[in-house]
Amino acid sequence: MAETDNWGADPQVRYLRRIFSRIEEMQAALLTRLGVGSSDYRLRRVRESTLKLFEQGWMLAQRNGVVGSDEEIAVLYLYCFARMLGANRIPVAPEELPAHDGIAAFVKEVLK
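If you're wondering where the values come from, they're calculated on a predicted model, not measured in any experiment. (Residues numbered from 1 in each chain as written. Predicted model: local features only at pLDDT ≥ 70, side-chain atom pairs only at ≥ 80, totals over all residues. Heavy atoms only, no water.)

A. Molecular detail of the overall build of the protein chain. Counting its regular elements, the protein chain contains 4 helices and 0 strands. Along the chain direction, N to C, the helices and strands of the protein chain fall in the order α-α-α-α. Overall size of the protein chain, expressed as C-alpha extent along the three principal axes, is 55 × 35 × 20 Å. Here the protein chain holds 112 residues, and the buried ones make up 37% of them. In the protein chain, of all internal contacts separated by at least 6 residues, the share reaching a separation of at least 24 is 73%. Element-wise, carbon and sulfur atoms account for 53% of the exposed surface of the protein chain, whose accessible area totals about 7,200 Å². (Helix = DSSP H or I, 4+ residues; strand = E, 2+ residues; numbered from the N terminus. Buried < 20%, exposed > 50% of the residue type's maximum accessible area, 1.4 Å probe, protein only. Contact = heavy atoms within 4.5 Å. Areas by Shrake-Rupley, 256 points an atom, 1.4 Å probe, with all protein chains shown as cover.)

B. Inspection of the packing of aromatic side chains at higher detail. Within this structure, the stated rule accounts for 3 aromatic pairs. Between Y77 and F81, the ring centres sit 6.2 Å apart and the planes meet at 15°, which makes this aromatic pair stacked. A residue pair is termed a helical-turn pair when its members lie 3 or 4 positions apart in one helix, as Y77 and F81 do in helix α3 (residues 70-87) at 4 residues. Both residues of the pair, Y77 and F81, count as buried. Members of the aromatic cluster, joined through ring pairs, are F54, W58, Y77 and F81. (Phe/Tyr/Trp six-rings, centres within 6.5 Å; stacked < 30°, edge-to-face > 60°.)

C. Just the confidence of the model for the protein chain, in detail. Of the residues in the protein chain, 95% have a pLDDT of 70 or more, and the chain-wide mean is 91. For the protein chain, the element scoring lowest by mean pLDDT is helix α4 (residues 101-109), at 91; α3 scores highest, at 96. (pLDDT = per-residue confidence, 0-100.)

D. A look at the pattern of salt bridges. Applying the stated rule across the entire model yields 6 salt bridges. Salt-bridge contacts for E25 lead to R22; the nearest nitrogen and oxygen are separated by 3.0 Å. Of this pair, E25 and R22 both sit in helix α1 (residues 11-34), 3 residues apart, roughly one helical turn. The class for E25 is partly exposed, based on a relative accessible area of 44%. Taken together, the shared-partner salt bridges in this structure form one network comprising R22, E25 and E71. (Salt bridge = Lys/Arg side-chain N within 4 Å of Asp/Glu carboxyl O.)

E. Representation of unusual backbone geometry in the model. The phi angle at R89 is positive, at roughly 60°, despite the residue not being glycine. Assignment of secondary structure puts R89 in the loop between α3 and α4. What makes R89 exposed here is its relative accessible area of 77%.

F. Seen up close, α3. Here α3 spans 26 Å end to end across 18 residues, near enough to the 26 Å set by a 1.5 Å rise per residue. Within the sequence span of α3, burial applies to I73, A74, V75, L76, Y77, L78, Y79, C80, F81, A82, M84 and L85. Residues of α3 that are buried sit in contact with α1, α2 (42-63) and α4. Phi turns positive, to about 60°, at R89, one or two residues after α3. (Expected span 1.5 Å × (residues − 1).)

Laid out in structure tokens, this is it:
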């Protein structure tokens with residue numbers, strides 16, 4: 001007898017899927033603009049480091065009012081991703097990132 005999958009109906013799961021879908025879109029677009037292929041050996045290390053940095057900052061950024069919307073959460077991730085790309089010799093010019101002074105300052109000052 002087949003069981004019904006209620007996982008996708010959970011509002012929290014749908015919320016996170018929306019955020020992570022937007023993160024994936026923004027990340028792919030940035031890599032395309034930078035000319036970095038999805039099979040670049042450095043990306044695994046970059047993504048792992050980004051996740052740690054993002055996890056440190058997400059809740060803190062929400063508590064401090066730096067991010068509120070799904071889009072701002074995705075932008076926060078992209079700023080963390082850009083920082084980790086730079087640490088792995090893949091420079092990201094500031095104009096490649098969505099303009100958001102609050103997130104830029106938060107990542108620079110709080111997520112060192």
